[in-house]
Amino acid sequence: MAELIDLRSDTVTKPTAEMRKAMAAAEVGDDVYGEDPTMRRLEAIAAEKIGKEAAMFVPSGTMGNQVAAMTHLQRGDEVILEAESHIFYYEVGGLALLSGVQTRTIQGRKGFMEPAQIAAAIRPDDLHFPRTGLLCLENTHNRAGGAVLTAEQTRVMAQVAHERGIPVHLDGARIFNAAIALGTDVRELTAPVDSVMFCLSKGLGAPVGSLVAGRKDFIDKARKVRKLLGGGLRQSGILAAAGIVALEQMVDRLVEDHVNARLLAEGLANIPGLTIDPDAFPTNILICSVAKLGISAQRFSALLAQHGVLANPTSPTEIRFVTHKDVTKTQIKSALNIINQIVKAIDQF
Ligand SMILES: *Cc1c(COP(=O)(O)O)cnc(C)c1O
């Protein structure tokens with residue numbers, strides 16, 4: 001079989017040669033003692049780039065979000081978050097299990113929750129009610145197809161919470177994709193929030209790692225929570241070295257992934273039986289409906305896999321394609337050819 005074209009996720013990206021070189025050469029120490037110079041450098045660079053006082057490395061985005069939540073919250077609190085958000089949808093019920101809180105979801109539109117909806121969800125002071133302890137936002141919004149929140153949208157949502165003394169956490173796993181798509185400095189997107197998590201291991205190509213950033217006192221507190229969860233790492237400068245390369249060399253090229261996603265979306269839109277609006281996907285995530293084909297997304301995904309194109313179903317009728325640095329424009333074109341042939345061979349529609 002021909003080479004695999006892996007469009008399942010940008011998490012499949014492999015570290016670059018530069019990263020491997022930097023990892024091999026990294027100066028290291030025991031980071032639990034705060035003695036790993038490469039990790040210190042990554043955290044300083046990350047804080048500066050993301051526009052916060054301090055940053056802390058975590059092994060995964062999920063741990064980053066959960067550590068941030070645990071740092072903000074008290075047991076018994078209620079957290080407001082978008083109904084399709086990663087923290088609600090894909091983090092194994094961590095808010096309930098680890099923070100001991102309950103969730104209050106709001107159906108947003110492309111990740112945006114109307115300020116009035118947020119205001120209505122915030123609990124007044126009442127003997128019967130839990131305390132609203134946190135508002136979570138997500139940019140780009142994964143299940144909304146890489147949808148982008150502007151700085152202004154972020155500001156108006158955060159303001160409603162802040163007016164009531166409630167902190168705001170941003171799940172910014174792909175925040176640099178948002179900044180690139182908007183053509184704004186990422187710091188404008190993070191300025192309205194108290195804490196932000198972003199991933200080095202997705203489009204930026206590092207093998208492992210995410211960062212949590214916020215005020216220095218918040219990060220000091222978060223370090224203890226990270227230790228509690230088993231996320232205190234030792235010679236983690238090996239990983240930080242790759243992260244530094246990711247932040248310094250891999251951000252600007254994300255635009256190529258967006259261009260490839262656009263090419264893929266336009267190609268898919270031209271295939272009869274597939275439904276996708278190319279204008280609806282501003283970054284590197286596409287969601288395409290196969291409803292008209294008369295087969296399930298699961299089945300369609302299996303057919304693609306047989307022909308070397310990997311993409312995950314995200315609902316019974318929808319399949320998700322994610323572009324990234326390890327898929328070239330040429331591969332996007334061959335994926336389109338393969339998909340076209342598979343669709344032609346299905347004659348139910
Ligand atoms: C991938 C992702 C995460 C979690 O990152 P992991 O490193 O896979 O744990 C969190 N939020 C969003 C929006 C993501 O896409």
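Residues numbered from 1 in each chain as written. Predicted model: local features only at pLDDT ≥ 70, side-chain atom pairs only at ≥ 80, totals over all residues. Heavy atoms only, no water.

Trainee: So what exactly am I meant to see when it comes to the site of the ligand here?
Mentor: Around the ligand lies a shell of 14 residues, among which Gly61, Thr62, Asp171, Arg174 and Lys202 are the nearest. Note that a nitrogen atom of the ligand is positioned 2.6 Å from one of the side-chain N or O atoms of aspartate 171. Coverage of the ligand by the protein chains reaches 85% of its 380 Å² of free accessible surface. According to the grid-proximity analysis, the pocket containing the ligand is the largest pocket. (Near = heavy atom within 4 Å. Polar contact = N/O pair within 3.5 Å; in protein donor to acceptor, adjacent residues only side chain to side chain. Areas by Shrake-Rupley, 256 points an atom, 1.4 Å probe, with all protein chains shown as cover. 1 Å grid on protein atoms, 1.4 Å probe; cavity = no way out; pocket = protein on both sides within 12 Å on 5 of 7 lines; lining within 4 Å. Sits in = over half its atoms within 2 Å of the grid points.)

Trainee: Before we go on, may I ask you to explain the UniProt feature "modified residue: N6-(pyridoxal phosphate)lysine" (unreviewed entry) in the protein chain in this structure?
Mentor: Residues given the UniProt feature "modified residue: N6-(pyridoxal phosphate)lysine" (unreviewed entry) here are Lys202. With respect to the secondary-structure elements, lysine 202 resides in the loop between strand E7 (195-199) and strand E8 (210-214). On the accessibility criterion, lysine 202 (12% relative accessible area) is buried. Discounting residues that sit within four places of it in the chain, lysine 202 has contacts with Asp10, Thr11, Thr13, Ala173 and Arg174. (UniProt positions renumbered as here; feature names shortened; annotations may be inferred. Helix = DSSP H or I, 4+ residues; strand = E, 2+ residues; numbered from the N terminus. Buried < 20%, exposed > 50% of the residue type's maximum accessible area, 1.4 Å probe, protein only. Contact = heavy atoms within 4.5 Å.)

Trainee: Would you take a moment to explain the layout of surface pockets for this structure?
Mentor: To find leftover empty space, a probe the size of one water molecule is rolled over the atoms. Of the volumes computed, that of the largest pocket is approximately 380 Å³. Lining of the largest pocket is provided by 26 residues; of these, Thr11, His86, Asn142, Arg174 and Lys202 occupy positions nearest its centre. For the lining of the largest pocket, the secondary-structure elements that each account for two or more residues are helix H3 (61-72), E7 and strand E11 (312-315). Each residue belonging to the lining of the largest pocket can be placed in one class, and the counts come to 6 nonpolar, 14 polar and 6 charged. (Points joined across faces, edges and corners; volume = space filled by probe spheres on them. Nonpolar A, V, L, I, M, F, W, Y, C, P; charged D, E, K, R; others polar.)

Trainee: I'm lost on the sheet that holds strand E6 (residues 168-171) in this one. Help?
Mentor: By way of backbone hydrogen bonds, the strands of a sheet pair with one another, either parallel or antiparallel. Strands sit in the order E2-E8-E7-E6-E5-E3-E4 across an open sheet of 7 strands; the sheet is mixed. At either margin of the open sheet sits one strand with a lone partner, and together these are strand E2 (54-58) and strand E4 (102-106). Averaged over all neighbouring strand pairs, the angle between strand axes comes to 20 degrees, with direction disregarded. Examined bridge by bridge, E6 and E7 share 3 bridges and lie parallel to one another. Its bridge partner lying in E7, aspartate 171 is registered against methionine 197. (Pairing = 2+ DSSP bridges. Axes fitted to C-alpha atoms, helices over the stretch in contact; angles between N-to-C directions.)

Trainee: Looking at this structure, I do not really get helix H10 (residues 216-228). What am I missing?
Mentor: Along an α-helix, residues three or four positions apart point the same way, because every turn accommodates 3.6 residues. Counted at 1.5 Å a residue, the expected span for H10 with its 13 residues is 18 Å, and the 19 Å between its end C-alpha atoms agrees. Looking only at H10, the buried set comprises Phe218, Ile219, Ala222, Val225 and Arg226. Buried residues of H10 fall within an arc of 110 degrees about the axis and therefore sit on the same side. Counted as exposed and oriented over 90 degrees from the buried face of H10: Lys221, Lys224 and Leu228. Close packing links the buried residues of H10 with helix H2 (37-50), E2, H3, E7 and E8. Positive backbone phi, approximately 85 degrees, marks glycine 230, located one or two places after H10. (Expected span 1.5 Å × (residues − 1). Arc of directions from axis to C-beta.)

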